[in-house]
Each structure stands twice: as C-alpha cells, then as structure tokens.
Amino acid sequence: MRLLFCTSFKTTFITFLLLMPLLVSAQGYNTKTFQKDIDAFDRLDSLENVEMGSNLFVGSSSITNWKDIASYFPDSYVVNRGFGGSKFEDLLYFMDRVILPYKPARIFIYEGDNDIAANIDTETLISQARTLRRKIAKAFPAVTVVFIAVKPSVSRWAMKDKYLEFNKALSDFAGKEKRTAFADVWTPMLDENGEVFKNVFLKDNLHMKANGYEIWKKVLTPFVLKNKQ
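Conventions and cut-offs
Here, residues in each chain are numbered from 1, in the same order as that chain's written sequence. The predicted nature of this model means local features are confined to residues of pLDDT at least 70 and side-chain atom pairs, given and counted, to a pLDDT of 80 or more, with totals for whole chains, interfaces and linings taken over all residues. Note that the side-chain values use all heavy atoms of the structure and ignore hydrogens as well as water. Secondary structure counts use DSSP, requiring at least four H or I residues in a row for a helix and at least two E residues in a row for a strand, with both numbered from the N terminus. Burial classes follow relative accessibility: with a 1.4 Å probe on protein chains only, a residue under 20% of its type's maximum area counts as buried, one over 50% as exposed, and anything between as partly exposed. What counts as a salt bridge is simple: a side-chain nitrogen of Lys or Arg found within 4 Å of a carboxyl oxygen of Asp or Glu. To get an axis, fit a line to the C-alpha atoms, keeping to the stretch in contact for a helix; angles then go from 0 to 180 degrees between the N-to-C directions. We call two directions roughly parallel when the angle between them is under 35 degrees, roughly antiparallel when it is over 145, roughly perpendicular when it lies between 65 and 115, and oblique otherwise. Crossing chirality is assigned from the near helix's rotation relative to the far helix, an anticlockwise turn below a right angle marking it left-handed and a clockwise turn marking it right-handed. Between two residues, a contact is recorded if the distance between any of their heavy atoms is within 4.5 Å. Residues qualify for a patch when their relative accessible area is over 30% and they have no salt bridge, like charges being joined within 9 Å and the nonpolar side chains of Val, Leu, Ile, Met, Phe, Trp and Tyr within 5 Å. Computed by Shrake-Rupley with a 1.4 Å probe, the accessible areas treat only the displayed protein chains as cover when residues are assessed. A positive count includes Lys and Arg, and a negative count includes Asp and Glu. His and the chain ends are not counted in either. In this description, the location of a charge corresponds to atom NZ of lysine, CZ of arginine, CG of aspartate or CD of glutamate. Note on pairing: two strands pair once DSSP finds at least 2 bridges between them. Confidence per residue, as judged by the predictor, is encoded in pLDDT with a range of 0 to 100. Note on terminology: a nonpolar core comprises buried Ala, Val, Leu, Ile, Met, Phe, Trp, Tyr and Cys residues joined through side-chain atoms within 4.5 Å. By convention a crossover is right-handed if, when the strands point away from the viewer, the path from the first strand over the helix to the second runs clockwise.

A. Region of interest: unusual backbone geometry. Despite not being glycine, Arg179 has its phi angle at roughly 50°, a positive value. Considering the arrangement of structural elements, one finds Arg179 in the loop between helix H8 (160–176) and strand S5 (180–183). A residue is classified by how much of its surface remains accessible, and Arg179, at 46% relative accessible area, is partly exposed.

Have a look at this one:
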C-alpha cells in the first residue's frame, strides 16, 4: 500500500511539474491590458453590421491606426480589428474574439514590432506565429493568411538588425506553409541609401501618416480579395 501511494504521489508530482509552466503562463497573463479594446469590438460589430467573408486585418497599432483602411481598398470588404500595443502572445490569447467570430475570407496579421522592442527573440516569435497559423488553419482550413513584415521606423532604427532577422525568418516560415504569404512592407519604406523614409511618420517617429499607408496599400493590394458586394 505504501509503495502504491509513493508511486501515485510521484506520478502526480511529475505531472504537476510538467504542467506548471502552462499554469503560470495562464495565470500571469493580464487580460485587463486589452479588455476595453476587445469589448469595443463587440459594439463595433453591431454598429458596422459586420458580415462573414471579409479581408480581416489584425495586429498592433500600425493596424489600429489605419482607421480609414477601407477607403484604400474600395473594391474589397475590409474589417479592421487591430488593438494597439499588442504582441503575438496577445493575438494568440484573444484570437477567439478578434479572428474566429468573423469567419473571414482572408486574414492579414501585423505583429512582431512591439515584440522585438520588448526584446523577444526571433525563435520565440516564429514559434508563436506557427501556433497562431495552425490554430487558424484548424478553424478555417481554406483561408489564406498574410503575415505583414514588421516595418522600419525612425524611433526603432537602432534595432534594424533584429527586425531584418525576424522578417527573414517570417518570410521563410510563410513560404513553407500552405495558404500562407508574406507581404514585404519593409523594403519599399527605405530610400535609395537603405535608410528609412523620415517623412512618412508622425511626430513620434513610430506611427505612420497617410503617405506611409499609401506604401502599404501598394504592397498589400495584390493580396487583398476584391469581394465587396
């Protein structure tokens, strides 16, 4: 009896140790950071009478701030559900609120910018991108996902090498996945000397003005479905 108890306790203890990182991760995630943003989407869905089959854009503030994104793609049905300050882990956590309910025809993802600024390494980011892609594939096996390269910016130019490393890894990953594409917005935002355009940013030198989004429009147009009714 004592041997059986010891064996059972040992098995339970080992199982607890294996699960502990997951439990800590779940408990340590602060849902309040983005809860207001996510709740606001529920109200927007009602006001905008959102329907399935959209070109769904999700990600951090470069998506959030693109308030007039629909006007850049007049022949397309576009829905913007970006939430500023987000990282890959946040999109993963909230994907059941910002991706799955919309049943989109195509999904555009912009994450990695804030991640790199927070010193999250490329290997971790690609792992998260892979997890996100596979969750989407499980829910929508026929839907194409477009990963948008992290953009260059004046304020984060010192981290250029890390950005380039991540973009290369993200491009390689996308190239190996079914129904997955990589949209390079990095290259066209550089001048002939390889320096980032300074006139496409707001005063914070991080977020873009309209002429910056015009560059994105040219890159993304071939990927956006023309599906406006």
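Don't stop here, the text continues.
B. Molecular detail of the pattern of salt bridges. Counting across every chain of the model gives seven salt bridges. Of the charged contacts, one joins Asp42 and Arg97 as a salt bridge, the two residues approaching to 2.9 Å between their closest N and O atoms. With Asp42 in helix H2 (residues 32–48) and Arg97 in helix H5 (residues 88–98), the pair connects residues that are 55 residues apart, well separated along the chain. Under the relative-accessibility criterion, Arg97 is labelled partly exposed at 25%. The shortest N-O distance in the salt bridge between Asp172 and Lys168 comes to 2.7 Å. Within this pair, Asp172 and its partner Lys168 are both found in helix H8, separated by four residues, close to a single helical turn. Accessibility expressed as a relative area gives 33% for Asp172, which makes it partly exposed.

C. Spotlight on the packing of H5 against helix H7 (residues 122–139). Direction vectors running N to C along H5 and H7 enclose 20°, while the axes themselves pass 9 Å from each other. Judged on the interaxial angle alone, H7 and H5 are roughly parallel. Between H5 and H7 lies a crossing of left-handed hand. Listed contacts from H7 to Phe88, Glu89, Leu91, Leu92 and Met95 of H5 are Leu125, Gln128, Ala129, Thr131, Leu132, Lys135 and Ile136.

D. Quick peek at a negative patch on the surface. On the surface, Asp121, Glu123, Asp161 and Glu165 cluster together to form a negatively charged patch. When you line up the elements, Asp121 lands in the loop between helix H6 (113–117) and H7. A residue is classified by how much of its surface remains accessible, and Asp121, at 40% relative accessible area, is partly exposed.

E. Structural context of the sheet that holds strand S4 (residues 144–148). Overall, parallel pairing links the five strands, which are arranged S2-S1-S3-S4-S5 in an open sheet. Of all the strands in the sheet, the pair left with one neighbour each is strand S2 (78–80) and S5. Sheet twist, expressed as the mean angle between neighbouring strand axes with direction ignored, is 20°. In this sheet, S4 lies alongside strand S3 (residues 106–110) in parallel orientation, the contact comprising four bridges. Directly across from Phe108, in S4, lies its bridge partner Val146. Relative to the sheet, H7 contacts S3, S4 and S5, its axis offset from that of S4 by approximately 155°. Helix-sheet contacts for H8 involve S4 and S5, and the interaxial angle to S5 is about 150°.

F. Region of interest: the confidence of the model for the chain. With 86% of its residues at a pLDDT of 70 or more, the chain shows a mean pLDDT of 89. Low pLDDT, under 50, characterises residues 1–27; the predicted model gives this stretch zero contacts beyond four residues in sequence or across chains.

G. Layout of the nonpolar core. Phe57, Ile99, Ile109, Trp216 and Leu220 are the most contacted members of the largest nonpolar core, which has 63 residues in total. Filtering out sequence-adjacent residues up to four positions away, Ile99 remains in contact with Leu56, Val58, Leu91, Pro104, Ile107, Leu132, Ile136 and Phe140.

H. Expanded view of the pairing of S4. Most of S4 sits out of view: five of its five residues are buried. Here S4 shows no split at all, with Thr144, Val146 and Ile148 on one side and Val145 and Phe147 on the other all buried. Relative to S5, S4 runs parallel, the two sharing four bridges. When the sheet's bridge partners are listed, Val146 is paired in S5 with Ala181. Handedness of the crossover joining S4 and S5 through H8 is recorded here as right-handed.

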